[in-house]
Amino acid sequence: KFHNNKSSWSGPIAIGGVGGSGTRVVAEILIQLGFYLGKDHNSACDNLWFTLLFKRPRWFLKNSVRKESQIFKGLTLFEKAMTADVKFRYEELSFIIGAVVEMMFNGHDYLGAGRGLWPIKRGITMFRSKISDHANYIGWGWKEPNTHIYIEYLNKYFQNFKYIHLIRHGIDMAYSNNQSQLFNWGTMFGIAAHDVT
(Lines give C-alpha, C1' and ligand atoms only; values in the text may rest on other atoms or scores of the structure.)
Protein backbone atom coordinates (compact mmCIF):
# COMPACT_ATOMS: atom_id res chain seq x y z
CA LYS A 1 0.00 0.00 0.00
CA PHE A 2 2.18 2.79 -1.31
CA HIS A 3 0.60 5.89 0.25
CA ASN A 4 2.57 8.60 -1.49
CA ASN A 5 1.45 10.37 -4.65
CA LYS A 6 4.85 9.80 -6.25
CA SER A 7 3.63 6.39 -7.41
CA SER A 8 5.63 6.73 -10.63
CA TRP A 9 8.70 6.11 -8.48
CA SER A 10 9.91 2.54 -8.44
CA GLY A 11 10.26 1.10 -5.01
CA PRO A 12 10.89 0.77 -2.32
CA ILE A 13 13.96 -1.39 -2.60
CA ALA A 14 15.84 -2.25 0.59
CA ILE A 15 19.27 -3.72 1.21
CA GLY A 16 20.03 -5.77 4.29
CA GLY A 17 22.19 -8.53 5.65
CA VAL A 18 24.75 -9.05 8.36
CA GLY A 19 26.99 -6.01 8.80
CA GLY A 20 30.21 -6.40 6.85
CA SER A 21 28.66 -8.59 4.15
CA GLY A 22 28.91 -6.06 1.30
CA THR A 23 25.69 -4.07 1.66
CA ARG A 24 27.53 -0.77 1.10
CA VAL A 25 28.67 -1.81 -2.38
CA VAL A 26 25.11 -2.65 -3.42
CA ALA A 27 23.87 0.67 -2.01
CA GLU A 28 26.45 2.55 -4.05
CA ILE A 29 25.40 0.65 -7.19
CA LEU A 30 21.75 1.61 -6.63
CA ILE A 31 22.72 5.26 -6.11
CA GLN A 32 24.67 5.19 -9.38
CA LEU A 33 21.64 3.67 -11.11
CA GLY A 34 19.54 6.61 -9.94
CA PHE A 35 17.80 5.45 -6.76
CA TYR A 36 17.21 7.84 -3.89
CA LEU A 37 18.42 6.20 -0.66
CA GLY A 38 17.85 9.13 1.68
CA LYS A 39 19.80 12.14 2.85
CA ASP A 40 21.01 11.09 6.29
CA HIS A 41 23.70 8.39 6.01
CA ASN A 42 26.81 7.26 7.83
CA SER A 43 30.07 6.34 6.07
CA ALA A 44 28.70 2.82 5.44
CA CYS A 45 25.69 4.29 3.56
CA ASP A 46 23.23 3.15 6.26
CA ASN A 47 19.97 5.10 6.24
CA LEU A 48 20.10 6.63 9.71
CA TRP A 49 16.36 7.41 9.79
CA PHE A 50 15.70 3.68 9.50
CA THR A 51 18.30 3.07 12.22
CA LEU A 52 16.62 5.60 14.53
CA LEU A 53 13.13 4.19 14.06
CA PHE A 54 13.80 0.47 13.84
CA LYS A 55 17.20 -0.56 15.21
CA ARG A 56 15.70 -0.78 18.69
CA PRO A 57 15.76 -4.38 19.91
CA ARG A 58 14.17 -3.55 23.30
CA TRP A 59 11.29 -1.71 21.63
CA PHE A 60 10.84 -4.52 19.10
CA LEU A 61 10.72 -7.23 21.76
CA LYS A 62 8.49 -5.40 24.23
CA ASN A 63 5.85 -4.59 21.60
CA SER A 64 5.03 -8.24 20.99
CA VAL A 65 1.26 -7.70 21.34
CA ARG A 66 0.92 -4.51 19.26
CA LYS A 67 4.04 -5.07 17.23
CA GLU A 68 2.53 -4.92 13.76
CA SER A 69 0.55 -1.73 14.36
CA GLN A 70 3.59 -0.03 15.92
CA ILE A 71 5.88 -1.10 13.09
CA PHE A 72 3.34 0.07 10.49
CA LYS A 73 3.15 3.43 12.26
CA GLY A 74 6.91 3.72 11.99
CA LEU A 75 6.88 2.66 8.35
CA THR A 76 4.23 5.25 7.52
CA LEU A 77 6.33 8.11 8.81
CA PHE A 78 9.55 6.64 7.36
CA GLU A 79 7.84 6.50 3.95
CA LYS A 80 6.67 10.10 4.32
CA ALA A 81 10.14 11.32 5.23
CA MET A 82 11.70 9.42 2.32
CA THR A 83 9.22 10.23 -0.43
CA ALA A 84 7.35 13.46 0.22
CA ASP A 85 7.33 16.92 1.69
CA VAL A 86 4.59 16.11 4.20
CA LYS A 87 4.02 17.37 7.71
CA PHE A 88 3.91 14.67 10.34
CA ARG A 89 0.75 14.16 12.37
CA TYR A 90 0.81 14.35 16.17
CA GLU A 91 0.98 10.57 16.70
CA GLU A 92 3.83 10.34 14.18
CA LEU A 93 5.76 13.10 15.94
CA SER A 94 5.17 11.24 19.19
CA PHE A 95 6.59 8.05 17.65
CA ILE A 96 9.73 9.87 16.45
CA ILE A 97 10.22 11.59 19.81
CA GLY A 98 9.82 8.24 21.58
CA ALA A 99 12.51 6.71 19.37
CA VAL A 100 14.81 9.70 19.97
CA VAL A 101 14.41 9.57 23.76
CA GLU A 102 14.88 5.80 23.93
CA MET A 103 18.02 5.97 21.80
CA MET A 104 19.43 8.89 23.78
CA PHE A 105 19.64 6.57 26.79
CA ASN A 106 20.12 3.12 25.23
CA GLY A 107 21.85 3.73 21.91
CA HIS A 108 21.25 1.56 18.87
CA ASP A 109 23.55 -1.35 19.62
CA TYR A 110 24.76 -3.44 22.53
CA LEU A 111 27.77 -1.12 23.03
CA GLY A 112 25.53 1.94 23.39
CA ALA A 113 26.52 3.65 20.13
CA GLY A 114 24.05 6.38 19.23
CA ARG A 115 23.47 7.70 22.74
CA GLY A 116 23.34 11.42 23.50
CA LEU A 117 22.92 13.89 20.65
CA TRP A 118 23.04 11.33 17.83
CA PRO A 119 19.27 10.58 17.80
CA ILE A 120 18.39 14.26 18.18
CA LYS A 121 20.32 15.02 14.98
CA ARG A 122 18.49 12.21 13.16
CA GLY A 123 15.12 13.50 14.38
CA ILE A 124 15.89 17.03 13.23
CA THR A 125 16.91 15.91 9.74
CA MET A 126 13.71 13.85 9.53
CA PHE A 127 11.52 16.80 10.57
CA ARG A 128 13.21 18.94 7.92
CA SER A 129 13.03 16.36 5.14
CA LYS A 130 11.99 17.80 1.79
CA ILE A 131 12.29 16.00 -1.50
CA SER A 132 12.09 18.58 -4.26
CA ASP A 133 13.91 16.68 -6.98
CA HIS A 134 11.92 13.48 -7.55
CA ALA A 135 12.55 13.80 -11.28
CA ASN A 136 16.25 13.15 -10.71
CA TYR A 137 15.62 9.62 -9.40
CA ILE A 138 14.16 6.46 -10.88
CA GLY A 139 13.10 5.08 -7.51
CA TRP A 140 13.69 5.06 -3.78
CA GLY A 141 14.80 2.76 -1.04
CA TRP A 142 17.34 2.39 1.74
CA LYS A 143 20.26 0.36 2.98
CA GLU A 144 20.43 -0.74 6.61
CA PRO A 145 21.75 -4.21 7.50
CA ASN A 146 19.09 -4.74 10.20
CA THR A 147 16.30 -4.46 7.62
CA HIS A 148 16.06 -8.26 7.46
CA ILE A 149 14.52 -8.31 10.95
CA TYR A 150 11.50 -6.48 9.50
CA ILE A 151 11.03 -8.37 6.20
CA GLU A 152 7.64 -9.83 7.17
CA TYR A 153 6.24 -6.40 8.04
CA LEU A 154 7.82 -4.60 5.09
CA ASN A 155 6.32 -7.11 2.67
CA LYS A 156 2.86 -6.58 4.18
CA TYR A 157 3.11 -2.81 4.25
CA PHE A 158 4.61 -1.99 0.84
CA GLN A 159 2.85 -3.17 -2.29
CA ASN A 160 5.94 -3.19 -4.53
CA PHE A 161 8.59 -4.00 -1.96
CA LYS A 162 11.89 -5.46 -3.22
CA TYR A 163 14.65 -6.69 -0.97
CA ILE A 164 18.33 -7.51 -1.59
CA HIS A 165 19.92 -9.68 1.08
CA LEU A 166 23.70 -9.95 1.23
CA ILE A 167 25.29 -13.10 2.60
CA ARG A 168 28.98 -13.43 3.24
CA HIS A 169 30.70 -16.76 3.77
CA GLY A 170 29.76 -18.03 7.23
CA ILE A 171 33.35 -18.71 8.29
CA ASP A 172 34.37 -15.15 7.42
CA MET A 173 31.53 -13.82 9.55
CA ALA A 174 32.17 -16.26 12.43
CA TYR A 175 35.76 -15.02 12.74
CA SER A 176 34.85 -11.39 12.12
CA ASN A 177 34.91 -8.86 14.93
CA ASN A 178 31.54 -7.59 13.67
CA GLN A 179 29.14 -9.51 15.91
CA SER A 180 26.71 -6.62 16.45
CA GLN A 181 23.61 -8.29 15.08
CA LEU A 182 24.20 -11.37 17.19
CA PHE A 183 24.36 -9.26 20.35
CA ASN A 184 21.48 -6.97 19.28
CA TRP A 185 18.97 -9.57 18.09
CA GLY A 186 20.25 -12.98 19.27
CA THR A 187 17.72 -13.29 22.09
CA MET A 188 14.90 -13.26 19.50
CA PHE A 189 16.24 -16.56 18.22
CA GLY A 190 17.10 -18.09 21.58
CA ILE A 191 20.83 -17.32 21.31
CA ALA A 192 22.45 -15.64 24.29
CA ALA A 193 25.60 -13.68 23.45
CA HIS A 194 27.57 -15.41 26.22
CA ASP A 195 26.89 -18.77 24.52
CA VAL A 196 29.16 -17.82 21.63
CA THR A 197 31.88 -15.75 23.25
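Residues numbered from 1 in each chain as written. Predicted model: local features only at pLDDT ≥ 70, side-chain atom pairs only at ≥ 80, totals over all residues. Heavy atoms only, no water.

### Remarks on the pattern of salt bridges
Counted only if it meets this: For this analysis, a salt bridge means a side-chain nitrogen from Lys or Arg found within 4 Å of a carboxyl oxygen belonging to Asp or Glu. A helix here means a DSSP run of H or I that spans at least four residues, while a strand means a run of E at least two residues long, and both kinds are numbered starting from the N terminus. We call a residue buried when its accessible area falls under 20% of the maximum for its residue type, exposed when it is over 50%, and partly exposed in between, using a 1.4 Å probe and counting protein chains only.
This structure, assessed with the given rule, holds eight salt bridges. For Asp40, the salt bridge identified is with Arg122, shortest N-O distance 2.7 Å. Of this pair, Asp40 sits in the loop between strand E2 (35-36) and helix H2 (48-54) while Arg122 sits in helix H6 (residues 118-127), and the two are 82 residues apart along the sequence. Considered together, Asp40 and Arg122 belong to a single accessibility category, that of buried residues. Linking Lys143 and Asp46 is a salt bridge whose minimum nitrogen-to-oxygen distance equals 2.5 Å. On the criterion of sequence distance, the pair formed by Lys143 in strand E3 (residues 139-143) and Asp46 in the loop between E2 and H2 is long-range, its members being 97 residues apart. When sorted by exposure, Lys143 lands in the same class as Asp46, which is buried.

### What to know about the packing of helix H4 (residues 67-83) against helix H5 (residues 90-106)
How we decide: Note on geometry: axes are C-alpha line fits, over the in-contact stretch for helices, and angles between N-to-C directions span 0 to 180 degrees. The labels follow the angle: roughly parallel below 35 degrees, roughly antiparallel above 145, roughly perpendicular from 65 to 115, and oblique for the rest. Residue contacts are defined here by distance: any two heavy atoms, one from each residue, within 4.5 Å place the two residues in contact. Charged means Asp, Glu, Lys or Arg here, nonpolar means Ala, Val, Leu, Ile, Met, Phe, Trp, Tyr, Cys or Pro, and polar covers whatever is left, Gly included.
Across the interface, H4 lies against H5 with an axial gap of 10 Å and an inter-helix angle of 100°. As far as their axial angle goes, H5 and H4 are roughly perpendicular. Side by side, H4 and H5 meet where Gln70, Lys73, Gly74, Thr76, Leu77 and Lys80 of the first sit next to Glu91, Glu92, Phe95 and Ile96 of the second. In the contact of H4 with H5, the residues fall into three nonpolar, three polar and four charged.

### A closer look at the confidence of the model for the protein chain
When pLDDT drops low, the exact placement of atoms in the prediction is not to be read closely. Cut-off, in case you're wondering: pLDDT is defined as a per-residue confidence score from the predictor, taking values between 0 and 100.
On average, residues of the protein chain score 83 in pLDDT, and 81% of them are at 70 or above. Across the protein chain, the element-wise mean pLDDT spans from 65 in helix H9 (residues 180-185) up to 96 in H2. Low pLDDT, under 50, characterises residues 1-7; the stretch is placed with 15 contacts to residues that sit more than four places away or in other chains.

### Some remarks on the nonpolar core
Where a protein is soluble and globular, its nonpolar side chains tend to be buried together. Formally: Take the buried Ala, Val, Leu, Ile, Met, Phe, Trp, Tyr and Cys residues and link them wherever side-chain atoms come within 4.5 Å; each set so joined is a nonpolar core.
Counting residues in each nonpolar core, the largest one holds 35 residues, and the members touching the most others are Leu53, Phe54, Phe78, Met126, Trp142 and Tyr150. Of all the secondary structure elements, the ones that give two or more residues to this core are H2, helix H3 (57-62), H4, H5, H6, E3 and helix H7 (151-157). No other element matches the seven residues that H4 contributes to this core. Other than its neighbours up to four places away in sequence, Leu53 contacts Trp59, Gly74, Leu77, Phe78, Phe95, Ile96, Ala99 and Met126. Counting residues in hydrophobic clusters, the runner-up holds nine residues, among them Val26, Ala27, Leu30 and Leu37.

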